[in-house]
Amino acid sequence: MPSPISSSLEIPTLSQSQRSLYFSLVIPTYNESKNIKDLVAVLTELLDEYLPNNYELIVVDDDSPDRTWEVAEALTSDYPLLKVIRRKGERGLSTAVIRGWQNADGQVLGVIDGDLQHPPERLLQLLDAIKNGADLAVASRHIDTGGVSNWNLVRRFLSRGAQLLGLIILPSVIGKVTDPMSGYFVVCRSAICDRQLDPIGYKILIEVLARGSISKITEVGYVFQERQEGESKVTWKQYIEYISHLLRLRLSLGEFQRFLKFGLVGFSGVFVDMTVLYLLHDPSALGWGLTRSKFIAGEVAIINNFIWNDAWTFNDLSSKQTAWRSKLKRFIKFNVVCLIGLGLNVLLLNLFFNILHIHYLAANLLAIAIVTVWNFWINLKLSWRVTDTGQ
Ligand code: GDD
Ligand code: MN
């Protein structure tokens, strides 16, 4: 089965004539020659009953040194619904999955590991979920009936740590499912076709969650099995690739530009805050007390920031709700969030100035930087986004 070496990682829509097949399951393999035969046999038995002649299995092998591609090709005579793609000079789990989906004819696309660590029987529940209207059905280790076999503490810590890092960098994507690290899921082609997918490393699901038009997600619990043959290909490289994948999505999903704007507005607020603080507190000006001066300077800066953020940073959200009551509600929420931030700022300022003996202006700058991240996330989730749902 020739696989087009296409540089793009887009999944094509199906032409009218191609819509005959319901399901395509991609099995990415690297050195799985001892596992692939049993897996193909089990999957065929399950799918022959569930989707007779209406599915295909696509092994995408990256020219494994143990010649998995050869073992798989030898199976095609007994399993006519099996296709084998042998990629040469290319490596990578997620790009292998996409190559398989690009060569698939199914209206529903799926992926399962080639090492029998994903229990094949769960696939039928995933397919049931799609039949019941889900765009995406994910096998999750982290819901009831889910779990990992006897993973050691380090493996559990690394997996959960990676998920937590994802929640910090990309909460709107990673927070959509309980097991964003899963490599076992099925998705409607319509949810991901004609989109530029651009994953790095192992986590193809994160790319689907970020770039797909997914409205209904169902999760099915499963227990990640112990490997019987071969070994995991996960090294530190996959963790580095995971972080760069998250950062790349962060940059490309638009929120980063918004954060930059928020930072610029915040910078103008710093200028306003510092100027008013100087005018109120400095002995050469009014010489008022530090805390009183700081609160007034902070409130003036908050008003400045709200005006700019409402008109520029969050304009795409605020322009849908121009009524003065909505604007007032946004200002009050923004103010409350920022006043909490101001309180945090004063606390940090006093901590840095009185405890760590940092010069008060440098201490103020440091405190403002920390509070800016707080203000951005809480305002995005609370002040603008929530009021948007009322329309
Ligand atoms: N084609 C191809 N190219 N397949 C690959 C490559 C590659 O470079 N690297 C790994 N695979 C295949 C393996 O052969 C296996 O079938 C599957 O991808 C998972 O690889 P493992 O090395 O066994 O990963 P794991 O057991 O540590 O599982 C982790 O990653 C999986 C994939 O995301 C866990 O996070 C699982 O939940 C997850 O499914
Ligand atoms: Mn594995």
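The following paragraphs examine the structure supplied in this document.

### Quick look at helix H5 (residues 153-169)
Compared with an ideal rise of 1.5 Å per residue, which puts 17 residues at 24 Å, H5 spans 24 Å between its outermost C-alpha atoms and is within 8% of the ideal. Turning to H5, its buried residues are Ser159, Ala162, Gln163, Gly166 and Ile169. In a view along the axis of H5, the buried residues occupy a sector of 135°, so they form one face of it. Seen from the open side of H5, the exposed residues pointing more than 90 degrees away from its buried face are Leu153, Val154, Phe157, Leu164 and Ile168. Contacts made by the buried residues of H5 are with helix H6 (171-174) and helix H9 (236-252).

### Description of the coordination of the manganese ion (ligand 2)
Looking at the metal site, the manganese ion (ligand 2) is ligated by Asp115 (OD) and Gln117 (OE1), spaced 1.9 to 2.0 Å from it. Across this residue pair, the class does not change: Asp115 and Gln117 are buried.

### A closer look at the side chain of Thr29
Among the secondary structure elements, Thr29 is positioned in strand E1 (residues 21-29). Judged by relative accessible area, Thr29 falls into the buried class, the value being 4%. Looking at Thr29, its side chain comes within polar contact range of the side chain of Asp61, at 2.8 Å.

### A short note on unusual backbone geometry
Residues other than glycine seldom take positive phi values, yet Asn31 does so here, at roughly 60°. Mapped onto the fold, Asn31 is located in the loop between E1 and helix H1 (36-50). One non-glycine residue, Asp63, lies in positive phi territory at about 50°. Within the fold, Asp63 resides in the loop between strand E2 (55-61) and helix H2 (68-75). Here Asp63 falls in the partly exposed class, since its relative accessible area comes to 29%.

### Some points on the state of the cysteines
Tallied over the full model, the rule gives zero disulfides. Here Cys188 stays free of any disulfide, with the sulfur of Cys193 as its closest cysteine sulfur at 10 Å.

### Quick notes on the site of ligand 1
Close to ligand 1 lie 27 residues; Glu32, Asp62, Gly114, Asp115 and Lys233 are nearest. Contact distances for ligand 1 include 2.7 Å between a nitrogen atom and a side-chain N or O atom of Asp62. Contacts to ligand 1 include Gly183, whose backbone N or O atom sits 3.1 Å from an oxygen atom. Those elements that provide at least two residues to the shell around ligand 1 are E1 and helix H3 (93-102). A per-class count over the shell around ligand 1 returns 10 nonpolar, seven polar and 10 charged.

### Describing the sheet that holds strand E5 (residues 136-140)
A sheet is described by the order of its strands in space; here seven strands give the open sequence E3-E2-E1-E4-E7-E5-E8, paired in mixed fashion. Strands with a single pairing partner mark the edges of an open sheet, and in this sheet they are strand E3 (82-86) and strand E8 (217-221). Between one strand axis and the next, the sheet turns through 20° on average, direction left out of account. Bridge count between strand E4 (residues 106-111) and strand E7 (residues 185-188): four bridges; the pairing is antiparallel. Residue pairing for E7: Leu109 is matched across the bridge by Val187.

### Things to note about helix H4 (residues 122-131)
Residues spaced three or four apart along an α-helix face the same direction, because each turn holds 3.6 residues. Along H4, the residues that are buried comprise Leu123, Leu126, Leu127, Ala129 and Ile130. Along the axis of H4, the buried positions cluster into a sector of 150°, meaning they face one direction only. Residues of H4 that are buried sit in contact with E1, H1, E4, E5, E7 and E8. Two residues or fewer after H4 comes Gly133, characterised by a positive phi angle close to 105°.

What counts and how
Along each chain, residue indices are assigned from 1 in the same order as the chain's sequence is written. Note on labels: chains are lettered from A, ligands numbered from 1, in written order. Local features are withheld for residues below a pLDDT of 70 in this predicted model, meaning they are given only at 70 or higher, and side-chain atom pairs are given and counted only at 80 or more; totals for whole chains, interfaces and linings count all residues. Only hydrogens and water are set aside when side-chain values are computed; all heavy atoms of the structure are taken into account. Secondary structure is summarised from DSSP: a helix means a run of H or I of at least four residues, a strand means a run of E of at least two, and numbering begins at the N terminus for each. The span you would expect from a helix comes to 1.5 Å times its residue count less one. We call a residue buried when its accessible area falls under 20% of the maximum for its residue type, exposed when it is over 50%, and partly exposed in between, using a 1.4 Å probe and counting protein chains only. Here, the arc refers to the directions that run from the helix axis to the C-beta atoms. The contact rule is simple, with two residues in contact once any of their heavy atoms fall within 4.5 Å. The donor set covers N, O and S atoms within 2.8 Å of the metal, switching to 3.2 Å for Na, K and Ca, and it leaves out water, so a site may look short of donors. Identification of polar contacts relies on pairs of N or O atoms within 3.5 Å, with a donor-acceptor requirement for protein atoms, meaning one able to donate a hydrogen and the other able to accept it, and with residues adjacent in sequence counted only if both atoms are side-chain atoms. Sulfur atoms of two cysteines make up a disulfide when they are within 2.5 Å. The nearness test applies per residue and asks whether one of its heavy atoms lies within 4 Å of the molecule or strand. Residue polarity follows a fixed list, in which Ala, Val, Leu, Ile, Met, Phe, Trp, Tyr, Cys and Pro are nonpolar, Asp, Glu, Lys and Arg are charged, and the others, Gly among them, are polar. Think of it this way: DSSP has to see at least two bridges between two strands before they count as a pair. Here an axis means a line fitted to C-alpha atoms, over the contact stretch when the element is a helix, while the angle between two N-to-C directions is reported on a 0 to 180 degree scale.

Read these as geometric descriptors, not functional statements.
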